[in-house]
Amino acid sequence: MAAAPVDTTDATFTAQVLNVQGPVVVHFWAEWSGPCQIVKPDFDALATTYAGRLSVVRHNIDQNPATPPKQNVTSIPTLIVYKKGVEVARRIGALSKGQLTEFVDANL
């Protein structure tokens, strides 16, 4: 069975992302965004590919609008890698599968 990304909310973001000791990658996204839909299948596959090495988290900006401004997210898709609650890397825009893997590997 494939691992799945965790869906975070405004209420759970701190516990699921900022309070996690290991690396966490967050996809800030929205259902209506074409570029987000392009990234989604490859992003979701990261949960299986990096199981045990990386927490893979999605944050729907429409359903949970309070967190994006706090994280300086101004456009989507935005991917952010956090380590011990601190942002260490950010990519904005749709990434190919290769670019996504390269981004994650560089920031593990």
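Only a predicted model underlies this, so the values are computations on that prediction, with no experimental measurement involved. (Residues numbered from 1 in each chain as written. Predicted model: local features only at pLDDT ≥ 70, side-chain atom pairs only at ≥ 80, totals over all residues. Heavy atoms only, no water.)

A. Geometry of the pairing of strand β4 (residues 78-83). Of all 6 residues making up β4, 5 are buried, and the element is well covered by its neighbours. Where strand β2 (residues 23-29) and β4 come together, 6 bridges link them in antiparallel fashion. Bridge pairing in β4 places Phe28 opposite Thr78. (Buried < 20%, exposed > 50% of the residue type's maximum accessible area, 1.4 Å probe, protein only. Helix = DSSP H or I, 4+ residues; strand = E, 2+ residues; numbered from the N terminus. Pairing = 2+ DSSP bridges.)

B. A look at the pattern of salt bridges. Scanning all chains against the criterion turns up 4 salt bridges. In this structure, the salt-bridge partner of Asp7 is Arg58, at a minimum N-O distance of 2.8 Å. Note that Asp7 is positioned in strand β1 (residues 6-8) and Arg58 in strand β3 (residues 55-60), a separation of 51 residues in sequence. Residue class for Arg58 comes out buried when judged on its relative accessible area of 12%. One continuous salt-bridge network, built from bridges that share partners, spans Asp7, Lys40, Asp44 and Arg58. (Salt bridge = Lys/Arg side-chain N within 4 Å of Asp/Glu carboxyl O.)

C. How the structure looks around the pairing of strand β5 (residues 86-92). Pairing analysis gives 6 bridges linking β4 to β5, with the strands arranged antiparallel. Each bridged residue has a counterpart across the sheet, and for Thr78 the counterpart in β5 is Ile92. Hairpin connection between β4 and β5: a loop of 2 residues separates the two successive antiparallel strands, and Lys84 in this loop has a positive phi of roughly 50°.

D. Representation of the nonpolar core. If you look at the biggest cluster of nonpolar residues, it comprises 15 residues, and the most contacted ones within it are Val25, Phe43, Leu46, Val56 and Phe103. A total of 4 residues in this core trace back to one element, the largest contributor, which is helix α2 (residues 34-49). Ignoring anything within four residues of it in the chain, the contact list for Leu46 reads Val25, Ala51, Val56, Leu100 and Val104. Among the nonpolar cores identified, the runner-up in size contains 14 residues, and Val17, Val26, Trp29 and Ile76 belong to it. (Core = buried A, V, L, I, M, F, W, Y, C linked by side-chain atoms within 4.5 Å. Contact = heavy atoms within 4.5 Å.)

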